[in-house]
Amino acid sequence: MEDKVISKADFSSMVDRLIQEGEYDSIEGVKTKDGKYFFGSLTNSGELCLDYDVTLLPPKKYFLPQRETVITFRQGERPAPEPVAEASSVVLIGVHPYDLKAMELCEAVYSAPPADPNLMIRKSKTVVIGVDCLNPNPQSFSASMGFATTESGYDLMLTDIGDSYVVSVGTDRGADLLARYGRAADATATNLARRDEVREMSLGRYEKSLSMPADEIPAILNETWDSRVFAEKSEVCLSCGSCVMVCPTCVCFDVEDTVALSLDSGERYRKWDSCMLTDFAKVATGENFREDRESRFRHRMHRKGKYLLERYDKPGCVGCGRCGLACLVDIALPADTYNLLKEAS
Amino acid sequence: MEMHLTPQASIHLPRLAELVRAEDITRVERVYEFKLADGAELGHRPGQFVEVSLFGIGEAPISISSSPTKRGTFEIAVRAVGNVTNALQKLEVGSTVGIRGPFGNGFPVEEFKNKDLLIVAGGIGLFPVRSLINFVRDNRAHVNRLIIVFGCRRPEERLFCDELATWSQCEQTEFLETVDTCDESWTGNVGVVTSLFPKIDIDAEDTYAVVVGPPVMYRFVVNECLKKGIPEDQIVLSLERRMKCGVGKCGHCQMDGSYVCQDGPVYTYSVLKQMKEAI
Ligand SMILES: Cc1cc2nc3c(=O)[nH]c(=O)nc-3n(C[C@H](O)[C@H](O)[C@H](O)COP(=O)(O)OP(=O)(O)OC[C@H]3O[C@@H](n4cnc5c(N)ncnc54)[C@H](O)[C@@H]3O)c2cc1C
Ligand code: SF4
Ligand code: SF4
Ligand code: FES
C-alpha cells in the first residue's frame, strides 16, 4: 500500500481530534511514568510517547485482558449460562513491530478451530497505529528474530524521520482513518530514503542477538533436550512466572468461577496463567507432569522456540526482551539459552 | 462505553444437561447418567471426554463412559477428588449441569475392524474403556477376539461389578481380572495387571492393545505388549493431563508440542515414544 508523510505537529493534532470527537470509545497509547512506559488511555496528545524502548506490559492486554468474564449464569435450578465478550472500539497508538508480530501469533492461536470470538471481536474493533522501534531496550533481540520492522499487523505504521513521520498504510481502515483525521501528504523519495536510513541505523543499537539464524532454533532444540544448559540455567529460577506475565506471545490461561454475594448469580472468567508456576501441569491425583524447575524452564524454551512455530507457523518468541528485563535472576531471555545450546551442540 | 456482546459461539459456553440417574460404584466413585436439555445426542466416539460444569464451582474433564450405542442419554463415572468432583457427588437427580464437548480424538475404532482387541484397564482407567468395550460388544462383528484385562488394588475397589460379571460370563468375550492385594475371600488372581500377561495367548500382528490406567502402569504394560510382539503402532494409550479449556487454547494439557485435549487423549505408542514428556 501507499506511504504518506505527516508532520509531528499534525500527528499530534490528529491524536487530539481522535480524542475529542469521540468516534471511538477510547484512544490508547504509550505513556510514561517514573522512566517506565506503559499502554494507557490518552486524554491529550501530550501524554503520548512515541520514542520509547519497551512497555512494561505488551498491548496484548487489549485483546486478551488479564482477567475476562467469559460466561455469566444464575445459581440454582435454571443456570441459563450466557456467553460474554466485552469489547469497545479503540485506536491503539504506538505499537512496536515485535508486538505486532506477537499479536499475529495470538490471533493464530485464538482463531484456530474452534475460534475464540472474544479475541476476534476485539481485534476487529481496534485500529492499530504502529511505530518503528528505533531505540531498543538492552535485552531486546527482535532484530535477530527478523522483527525490527514489520510489513503486516498494523493499520498504519509510523517511522520517526526527524520532524515528521513516514506513515505506511497497511489497510483500507488505516487509510480511511488517516484521510479523515490527519493532514498527510504523499511521501517523497527523500522521505522514504530517510526512513530506510533510520531503520538501518536502529539495527546497530541491539545489544542482544542470536548467534545463529532464527530458523535454526527448532533444530537446535531438537538436539539438546538432555543438555545440561537447562538444569544449570534453571537452578536459580524462582518459579515466579514474571517472564510469562510480561510476554506478548504468552496466551495460556486458567478458568475460575465466582458467585455474587447475593448467591443468585455468578460468572466464569479466564485469567492469564504461567507454565513457569509449580502447579501448572499438576492433575488432581497429585501427579505433576513438570514438577521440577528444569522441566518447566525447558518447556518454556521449547514452546517459545519450537512448539508454537510448528503448530501455527509463527515464532513463539518475538525477541522483545521483556522477560529478560523482568527476571530477577537473569535467566529468562530465550536468546541467551539458545546461544548456549548452540555452543554446546 | 463498553459493549457487552453476546458472541455466537463462545468456546466456554456449555450446553445444559439434566442428571437423570446417579449411583454409587464404590465409596468414592459414582456413575452419573445425563440427558442433554435440547434432546440432542451427545454424538461421541469411545475415548472422548466432556468438560462437566457445575456453575459457581468450575469444570472438570471427564471421559464419557457409556457407549455411543446407548441412545438418549450418556454416562460418566467419577472419582471424587476435589472441588468439582466432590460437588458432583452431592448432586441430586433432576439437577442441571453444563456439558462442553465431546472433545479429543477418541480410540481409533475404525482401525480395530477385523482385528483382535486386547483391552487393559487399571483402576478407573476402566471408566473410558467401558465405552469402547460396550461399543464393541454391541457391534460384536467389528473385531475378532475381544480380550479384557482389568486390574485394581483391592476387591472392594472393583468397578461396575455387574458388568464385569456379564463380560466374564459372555462366551464371545475373554475376561481376565486381578487385584494387587486381598484377603482369603478373594479367589481370583492376585498380582499387578502384568501378572496376567503370561496367561494371554495372542496373534500379535493381528492384535490392537488398548491400555488405560494410572501413569505408573503404562511403562510395565507397554513392555509386556512389546514382548508379546504387538507392533508399536497397534499399542494405543489414553493419557491424563491437566485441562482447562479442552479446545487447544489454555496450554495446560501440553505434552511436548501436542495438545492432549485435541491431538489426544489417545495416542499410539509409536507416537508417544517420540515424545519426551509422555510416559
Ligand atoms: C481426558 C481426561 C479424562 C478424565 N476422565 C475421568 C473420568 O472418567 N473419571 C474421573 O473420575 N476422572 C477423570 N479425569 C480426572 C478428572 O479430570 C480430575 O479428577 C478432575 O479434574 C478433578 O477436578 P476437581 O475440581 O474435582 O479437583 P480440583 O479441586 O481441581 O483438585 C483436586 C485435588 O488436587 C489438589 N489441587 C488442585 N489444585 C491444586 C493446586 N493448585 N495446588 C495443590 N494441589 C491442588 C486439591 O488439593 C485436590 O486434592 C479425567 C481427566 C482427563 C484429563
Ligand atoms: S519470550 Fe521474552 S523475549 Fe520472547 S517474546 Fe516473550 S517476553 Fe519477549
Ligand atoms: S525464569 Fe526468571 S522470571 Fe521466569 S519464573 Fe524463573 S525466576 Fe521468574
Ligand atoms: S485443555 Fe486447554 S489447551 Fe488443552
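Everything numeric here is computed off the predicted structure, so don't read it as measured data.

About the cut-offs
Residues numbered from 1 in each chain as written. Chains lettered and ligands numbered in written order. Predicted model: local features only at pLDDT ≥ 70, side-chain atom pairs only at ≥ 80, totals over all residues. Heavy atoms only, no water. Near = heavy atom within 4 Å. Nonpolar A, V, L, I, M, F, W, Y, C, P; charged D, E, K, R; others polar. Pairing = 2+ DSSP bridges. Helix = DSSP H or I, 4+ residues; strand = E, 2+ residues; numbered from the N terminus. Contact = heavy atoms within 4.5 Å. Axes fitted to C-alpha atoms, helices over the stretch in contact; angles between N-to-C directions. Parallel < 35°, antiparallel > 145°, perpendicular 65-115°, else oblique. Polar contact = N/O pair within 3.5 Å; in protein donor to acceptor, adjacent residues only side chain to side chain. 1 Å grid on protein atoms, 1.4 Å probe; cavity = no way out; pocket = protein on both sides within 12 Å on 5 of 7 lines; lining within 4 Å. Points joined across faces, edges and corners; volume = space filled by probe spheres on them. Buried < 20%, exposed > 50% of the residue type's maximum accessible area, 1.4 Å probe, protein only. Salt bridge = Lys/Arg side-chain N within 4 Å of Asp/Glu carboxyl O.

### Details of the site of ligand 3
Close to ligand 3 lie Cys 237, Leu 238, Ser 239, Cys 240, Gly 241, Ser 242, Cys 243, Met 276, Cys 327, Val 329, Ile 331 and Ala 332 of chain A. Residues belonging to the shell around ligand 3 are distributed by class as follows: nine nonpolar, three polar and no charged.

### Let's talk about the sheet that holds strand S11 (residues 189–190) of chain B
Residue and element names in this part refer to chain B. Spatial ordering of the open sheet is given by S11-S10-S9-S8-S12-S13-S16, a layout of seven strands whose pairing is mixed. For this open sheet the edge positions go to S11 and strand S16 (266–268), each flanked by a neighbour on one side alone. The pairing of strand S9 (residues 146–152) with strand S10 (residues 174–179) spans six bridges and is classified as parallel. Looking across to S10, one finds that Val 149 is bridged to Leu 176. Packing of helix H2 (residues 126–138) onto the sheet brings it into contact with strand S8 (116–122), S9 and strand S12 (207–212), and relative to S8 it is tilted by some 155°. Where helix H3 (residues 161–169) meets the sheet, its contacts fall on S9 and S10, and the angle it forms with S10 comes to roughly 135°.

### Topic: the sheet that holds strand S7 (residues 90–95) of chain A
Residue and element names in this part refer to chain A. The sheet built from eight strands is open, its strands ordered S3-S2-S7-S8-S9-S10-S1-S11 with mixed pairing. In the strand order of this sheet, the two ends are held by strand S3 (36–41) and strand S11 (185–186), each with one partner. Direction of pairing for strand S8 (residues 126–131) relative to strand S9 (residues 156–160): parallel, over a ladder of three bridges. Looking across to S9, one finds that Ile 129 is bridged to Leu 156.

### Here's the deal with the packing of helix H1 (residues 8–21) of chain A against helix H4 (residues 172–181) of chain A
Residue and element names in this part refer to chain A. One way to put it is that H1 packs onto H4 with a least axis distance of 10 Å and a crossing angle of 90°. In this view, H1 runs roughly perpendicular relative to H4, as classed from their interaxial angle. Together, Met 14, Arg 17, Leu 18 and Glu 21 of H1 and Leu 177, Leu 178, Arg 180 and Tyr 181 of H4 make up the contact between the two elements.

### As for the side chain of Asp 155 of chain A
Residues and elements named next belong to chain A. Position of Asp 155 relative to the elements: it lies in the loop between S8 and S9. Polar contacts involving the side chain of Asp 155 include one to the main-chain amide nitrogen of Val 128, which spans 2.8 Å. There is a polar contact of 2.6 Å between the side chain of Asp 155 and the side chain of Thr 171. Once residues within four sequence positions are removed from consideration, Asp 155 is found in contact with Thr 126, Val 127, Val 128, Ser 168, Val 169, Gly 170, Thr 171, Arg 173 and Gly 174.

### Considerations on the layout of surface pockets
Empty space within the second largest pocket amounts to approximately 330 Å³. Considering the residues around the second largest pocket, the lining is formed by 14 residues, among which Gly 76 and Glu 77 of chain A together with Leu 91, Ser 95 and Thr 96 of chain B are closest to the centre. The residue inventory of the lining of the second largest pocket, partitioned by class, reads six nonpolar, five polar and three charged.

### Thoughts on the pairing of strand S6 (residues 74–79) of chain B
Residues and elements named next belong to chain B. The element S6 is extensively covered by neighbouring structure, given that five of its six residues are classed as buried. Pairing of strand S3 (residues 29–36) with S6 involves six bridges; the strand directions are antiparallel. Within the sheet, the bridge partner assigned to Glu 33 lies in S6 and is Glu 75.

### A look at the pattern of salt bridges
By the definition in use, this model includes 50 salt bridges over all chains. A salt bridge links Arg 268 of chain A to Asp 257 of chain A, with the shortest nitrogen-to-oxygen separation between them at 2.6 Å. Here the residue Arg 268 of chain A occupies a position in strand S13 (residues 265–272), and Asp 257 of chain A occupies one in strand S12 (residues 253–259), the gap between them amounting to eleven residues. According to the relative accessible area criterion, Arg 268 of chain A is buried, its value standing at 1%. With a shortest N-O distance of 2.9 Å, Lys 273 of chain B and Glu 232 of chain B are connected by a salt bridge. Residue Lys 273 of chain B is found in the segment after helix H5 (269–272), and its partner Glu 232 of chain B is found in the loop between helix H4 (215–228) and strand S13 (235–238); the two are separated by 41 residues along the sequence. Its relative accessible area of 44% is what places Lys 273 of chain B among the partly exposed residues. Given the relative accessible area of 29%, Glu 232 of chain B is considered partly exposed.

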